[in-house]
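Coordinate analysis (summary)
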Number of protein chains: 4
Amino acid sequence: MVRVKVIGAGGYGGVGIVELLLRHPSARIAGLYDIADIGKPFSALYPHLGGFCDMEIRDVAREGESEPADVAFLATPDGVGQQLAPQLVARGTRVVDYSGDFRFNTIPDYREYATRIGRNPVHGAPELLTQSVYGLTELYRDQIAEAPVVGNPGCFAVSIILGFAPALEAGLVAPDSLIADSKTGVSGAGKTPKTQFHYPAQYDNMYAYKMTGHQHVIEVEQQLSHIAGQRLELTFTPQVVPVCRGIMSCLYGALVRDTPFDEVWEIYRRYYRDSRFVRVLDKGVAGQNSMVRGSNFCALWVNVDPRTRRLTVVSHLDNLMKGQAGSALQNMNVMFGLDETVGLDRPGVYP
Amino acid sequence: MVRVKVIGAGGYGGVGIVELLLRHPSARIAGLYDIADIGKPFSALYPHLGGFCDMEIRDVAREGESEPADVAFLATPDGVGQQLAPQLVARGTRVVDYSGDFRFNTIPDYREYATRIGRNPVHGAPELLTQSVYGLTELYRDQIAEAPVVGNPGCFAVSIILGFAPALEAGLVAPDSLIADSKTGVSGAGKTPKTQFHYPAQYDNMYAYKMTGHQHVIEVEQQLSHIAGQRLELTFTPQVVPVCRGIMSCLYGALVRDTPFDEVWEIYRRYYRDSRFVRVLDKGVAGQNSMVRGSNFCALWVNVDPRTRRLTVVSHLDNLMKGQAGSALQNMNVMFGLDETVGLDRPGVYP
Amino acid sequence: MVRVKVIGAGGYGGVGIVELLLRHPSARIAGLYDIADIGKPFSALYPHLGGFCDMEIRDVAREGESEPADVAFLATPDGVGQQLAPQLVARGTRVVDYSGDFRFNTIPDYREYATRIGRNPVHGAPELLTQSVYGLTELYRDQIAEAPVVGNPGCFAVSIILGFAPALEAGLVAPDSLIADSKTGVSGAGKTPKTQFHYPAQYDNMYAYKMTGHQHVIEVEQQLSHIAGQRLELTFTPQVVPVCRGIMSCLYGALVRDTPFDEVWEIYRRYYRDSRFVRVLDKGVAGQNSMVRGSNFCALWVNVDPRTRRLTVVSHLDNLMKGQAGSALQNMNVMFGLDETVGLDRPGVYP
Amino acid sequence: MVRVKVIGAGGYGGVGIVELLLRHPSARIAGLYDIADIGKPFSALYPHLGGFCDMEIRDVAREGESEPADVAFLATPDGVGQQLAPQLVARGTRVVDYSGDFRFNTIPDYREYATRIGRNPVHGAPELLTQSVYGLTELYRDQIAEAPVVGNPGCFAVSIILGFAPALEAGLVAPDSLIADSKTGVSGAGKTPKTQFHYPAQYDNMYAYKMTGHQHVIEVEQQLSHIAGQRLELTFTPQVVPVCRGIMSCLYGALVRDTPFDEVWEIYRRYYRDSRFVRVLDKGVAGQNSMVRGSNFCALWVNVDPRTRRLTVVSHLDNLMKGQAGSALQNMNVMFGLDETVGLDRPGVYP
């Protein structure tokens, strides 16, 4: 049994991994930590878990006093993981961090990220940074298996990278032509109530934001540049729509030559043939959010418009599953030599 | 392994039981039947089940040509179950019927029901009717265990009967004082699109309907009369609110004497002490739909207003789970000697 | 032209009255005041009003430095109106207050209210209190016309009082039998984001709250007692459903004798024959929220259940219109000798 | 007073124009026509209009028996307008048609459109076709003023054309680089219930559709080609999100040279300086659906990403107003020499 601690358990990222761990046959929750709600049973925050997870939330500052776990999920904001990871790793606990702290695995890359988002460019745990791995399982399985620290990817980033990767690797699209038009459900913004997410403000509303500065674009560019073998920049338009769970990214790229749909589709199928959680939809089948909601699957709907010679991939996933806790658990499975689908291979509920 | 057929598989009642059966450790789907979509894979109707249930839908008219199953779920409208059940039972298949066909287990009771809803008062399978049992597991466990046919209860009825039963049995409330004000999510109306459930018509809308003639009131009155030991009639106001899954029934009864809250609460706790799926909420905890959504639990929030000397119970459940497929599976478990919680004892997903 | 100030302009109660005033042919906004967002154009808070209301929000503390208006709407919480009203009235400004400060028009009644909700029982402007009038136009037209201060009613209260008034006045129902089961949209909670109103928490959710202590019940009981000619108490269950605008109250009362529906219906029609904004629905027509959303109308759907001998009235209104700003403007019209429908007599928009 | 008939009154396009006409100071509804619900009062279909529009719906087949009107709105599907327009025009009634029948104003253009969408390429009223004008008021005011028949634009098309027009006219973007990623609310699909718009299917769901064949793209390409002075084709991705009213189009174009944001913004402001209903948002102000919902405004949020040298315009409008009935009324105003803003110049309601 893998013993697991969840740090930052109180937010949506925390409850997401707790729900998954409760059903995982080979993992056991060893402790839930946070900086608030200390001493409360977890089910007081999430009443649907009453009788399933009534464990008390403990003070993260006193985590070190307890038995080390095998792995810790850090469902914490930027800046926290780099402070906590060293002591966890030193005591034998591997780390899956949800923030940007370990998504950039070299010192220069992290410096660039931190600078662009206006944070201190000096990483707090540089030696771990260079050993950490970007946690998109489909791309880095082997390295994740060995990594002491995994930087779990951003939810938008997962939907975009999975959607563009096969086309870029195969050289189908021009690297400087990429556009990602991404719609997220509101749960992607987390649990803290804010003016724009107040029900009366958000229902029947939709809007774009951070038109040129969303932090996710940086990891996307880095990963896609790596695949393309050249530095690329993409246009990214994050948007919020009145959905709870879900991301739909419409991904556009200019085909470098006339490529028939069948060829493109084959390339996508082949690329993900060993990736259980990425579904390249059958020809003639359209994607929709309800296909993936509540599950760890990413559905890719591949389209070619011969008139404009563009590839359009519509990428659907559940931002709290494949976009967050699901990917995190998938990474844990890989880190501990389990089949990556354990505890995850099931559909959502409909309607 | 219990071999299961689902008849009327294509609707919400069908997909609900299929989702549950896919995760049940001791059941196996032996066949999916319907009168439409014959020959299509089930996942063509419900794409979230792609890779999980691609079994073809077969023509219900030819069900008899296949190997009999141990049990059949009839997710079919009034009138169908009484036609199909005899041949199923004759071939050794026990039946859980979702409609009103077997919710009234004597010929006079059925006749009254059928008359009130304007159907033929002559039941099509009278001998089975008298052997059938009302499928509210919490009330009829022992009889369900032996029954050849179980009449799965209506979703509103479950929420109301579970909420009033302890008070009536204990004689706390006046039988002629009962009011059930019930709000349902739209999935309760089934899968067929209708004018009032069209998204633009239903979003931000709410309304009551069938103010004096909803068919569920009849089974509620029959069951509650039985518990009260006297004939009673209740006022029932079904309402639709823009929720997908969920029923919230506010149940009102006049206390026959001043009863302190603690005493009422103890009566409810005791009544359901052996019923895993009914949660009488702890003192000080309020109910809400998100507590039960996606799960088989019914949450009862018990309140006493000493000023008006009324009991108010707020009953929450998921209409497609405890209100339908979840209860059906719970009944199947009981019918086949399994623990009633097998394949059902898990929370929903939040948010 | 009636010159109008709005105090507490920044909240939903403020923007509601501003929207109405912008279309009112005989009123003019003389100033918008608040304690926050001072100096910002109103349209910065409410961008849909860009070009329609770009007036700067002023500091309420400096209201006295400006020219007095004819009327001030105090869209402010309990406790503020009793502080501000004296100086406003002294300078010739009549007041429509949205809070509970002037809904109880005698010192003992206010004391009882304040005590029950845990506020200081000593009113800050007792002499105005006794001159103030409860602002349900349909009940107090004549007194409102003369009143220096009007206590605009609570949104739930409007829906309940209008629904019960005819039956009580006619002695149709037993005063001790009343139950109000009221569902509100989320905008009724105001503009400030809170955990339970966060989109992911509120979408697909529904719940009851304050089962025995909602402050609105007090004014309802006072008004209905007055109509019934005897002290009465009612059971009130406020609930929140995922709707933005709207209240649906299901109102129950025991008929004191068998009264045919037609007689009840006639009583309701007669009672409201001169009240443009209360629609007693035609026989055979069911109510729904979309009928009244965005308008100042209250729709009453009257039902009699002869089996249980109960009256059930389903009352629909828009909580931000007839439940708040619409009633406020209607009161203003009456106070200034205008037809009460001026600037209000239009339907909402559908869908 | 302009006398107006509405044909196809029963759908959302019909009720939209009726709502607007009821508030128009210089127009009068002379008749409502449809092929269904003949003889019913309009308010039976749309109860929120009870007391405001109780006029009976008449049989469109007998329209010719009544007095001709000055203008008829044909809220009818493709193919109907070309049949009805000749007789209407012959009797002196000018026509605003909502369908594709008069959006292509030459015989070859119509033939191409009809062929691409699989309809009969021979137009039923060729002589009117060549006199008809594309009804995007901002582009064709002068011609609309004189036209016997106006082809009201598609809702997606309005949002896209208004968003790209200034950039194309100024030669800012490469004509072959255009992408429109458009999200619509569900009301855009009309009033008829369908499987995918059933509340349980549509709530919390989002999806793209008609990835390469939406009929709106044809009129967009024609109009934009005209502006660009060269034939262009664009990639268009229509999507549905769980919103009732609203379109948000994210429009992408490659800048032909490095153009600073300020210059782009000035070009947009200048282009629409005389167009009341197009709001080029102030610098620093982000767009959102709630800004325009319920109003006839289109909000354009102009952005330049210097990293990728792309222009991104986010275009917001209400699909039933500026996207349909609002534009139709604006056209009527122009056709009858009224100020184009009459009866339209007001904000929506919030929240």
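In this report, the structure presented in the accompanying data block is examined. (Residues numbered from 1 in each chain as written. Chains lettered and ligands numbered in written order. Predicted model: local features only at pLDDT ≥ 70, side-chain atom pairs only at ≥ 80, totals over all residues. Heavy atoms only, no water.)

Details of helix 6 (residues 137-146) of chain B
All names here are of chain B. For helix 6, the full list of buried residues reads T137, E138, Y140 and I144. Considered in projection along helix 6, the buried side chains sweep an arc of 125° and stay on one side of the axis. In helix 6, those exposed residues whose orientation departs by more than 90 degrees from the buried face are D142 and E146. (Buried < 20%, exposed > 50% of the residue type's maximum accessible area, 1.4 Å probe, protein only. Helix = DSSP H or I, 4+ residues; strand = E, 2+ residues; numbered from the N terminus. Arc of directions from axis to C-beta.)

Observations regarding the sheet that holds strand 7 (residues 149-151) of chain D
All names here are of chain D. Pairing is parallel across the open sheet formed by seven strands, whose spatial order is 3-2-1-4-5-7-6. Among the strands making up the open sheet, the edge pair consists of strand 3 (57-59) and strand 6 (133-134). Bridge count between strand 5 (residues 94-97) and strand 7: three bridges; the pairing is parallel. Across the sheet, D97 pairs through a bridge with G151, a residue of strand 7. (Pairing = 2+ DSSP bridges.)

Description of the pairing of strand 8 (residues 179-184) of chain B
Residue and element names in this part refer to chain B. Of all the six residues making up strand 8, six are buried; the element is thus mostly covered by neighbouring parts of the structure. Residue alternation in strand 8 divides its side chains into two sets, I179, D181 and K183 and A180, S182 and T184, and both sets are buried. By the bridge criterion, six bridges tie strand 8 to strand 11 (residues 247-254) in an arrangement that is antiparallel. For I179, the partnering residue across the bridge sits in strand 11 and is Y252.

Description of the pairing of strand 8 (residues 179-184) of chain C
Pairing analysis gives six bridges linking strand 8 of chain C to strand 10 (residues 235-240) of chain C, with the strands arranged parallel. Among the inter-strand pairings, C:S182 is bridged to a residue of strand 10 of chain C, identified as C:P238.

With respect to the relation of the copies chain A and chain D
Here chain A sits on chain D after a turn of 180° about the axis and a move of 0.0 Å along it, with an RMSD of 0.0 Å. Interpreted geometrically, this transformation is the action of a two-fold axis. Of the C-alpha atoms belonging to chain A, the one lying closest to the rotation axis is found on A:P242, 3.1 Å away. Taken as a fraction of all interface residues of chain A, those also at the interface in chain D reach 100%, which identifies the copy contact as same-surface. (Least-squares fit on C-alpha atoms with pLDDT ≥ 70 in both. Contact = heavy atoms within 4.5 Å.)

A short note on the relation of the copies chain C and chain B
Superposition of chain C onto chain B requires a rotation of 180° combined with a translation of 0.0 Å along the rotation axis, giving an RMSD of 0.0 Å. A high fraction, 100%, of the interface residues of chain C reappear at the interface in chain B, so the copies pair face to face through one surface.

A closer look at unusual backbone geometry
Omega for the bond connecting C:Y350 with C:P351 falls within 30 degrees of zero, at 0°, which places this linkage in the cis form. Despite not being glycine, C:R309 has its phi angle at roughly 50°, a positive value. Here C:R309 lies in the loop between strand 13 (298-305) and strand 14 (310-317). In this structure, D:D37 takes a positive phi of about 60° despite not being glycine. Turning to its location among the elements, D:D37 is positioned in the loop between strand 2 (27-34) and helix 2 (42-45). In this structure D:D37 comes out as partly exposed when scored by relative accessible area, which is 29%.

Some thoughts on the packing of helix 7 (residues 155-169) of chain A against helix 9 (residues 216-228) of chain A
All names here are of chain A. Contact pair helix 7 / helix 9: the axes reach a minimum separation of 9 Å and the direction vectors enclose 20°. Overall, the two elements helix 7 and helix 9 adopt an arrangement that is roughly parallel. Viewed along their axes, helix 7 and helix 9 form a crossing whose handedness is right-handed. Counted together, C155, F156, A157, I160, I161, F164, A165, L168 and E169 of helix 7 and H216, E219, V220, Q223, L224, I227 and A228 of helix 9 form the full contact between these two elements. Tallied by class, the residues present in the contact of helix 7 with helix 9 amount to twelve nonpolar, two polar and two charged. (Axes fitted to C-alpha atoms, helices over the stretch in contact; angles between N-to-C directions. Parallel < 35°, antiparallel > 145°, perpendicular 65-115°, else oblique. Left-handed = near helix turned anticlockwise from the far one by under 90°. Nonpolar A, V, L, I, M, F, W, Y, C, P; charged D, E, K, R; others polar.)

Some remarks on the interface of chain A and chain D
Taken together, the 52 residues of chain A in the interface contact 52 residues of chain D. Taking both sides of the interface into account, the surface hidden between chain A and chain D amounts to around 4100 Å²; carbon and sulfur atoms contribute 54%. On inspection of chain A and its partner chain D, the count reaches eight salt bridges. Residues D:R307 and A:E221 are paired through a salt bridge, measuring 2.3 Å at the closest nitrogen-oxygen approach. Across the chain A-chain D interface, the total number found is 36 residue pairs in polar contact (both at pLDDT 80 or more). (Buried area = accessible area lost by both parts, 1.4 Å probe. Salt bridge = Lys/Arg side-chain N within 4 Å of Asp/Glu carboxyl O. Polar contact = N/O pair within 3.5 Å; in protein donor to acceptor, adjacent residues only side chain to side chain.)

The values reported here are purely geometric and, on their own, carry no functional implication.
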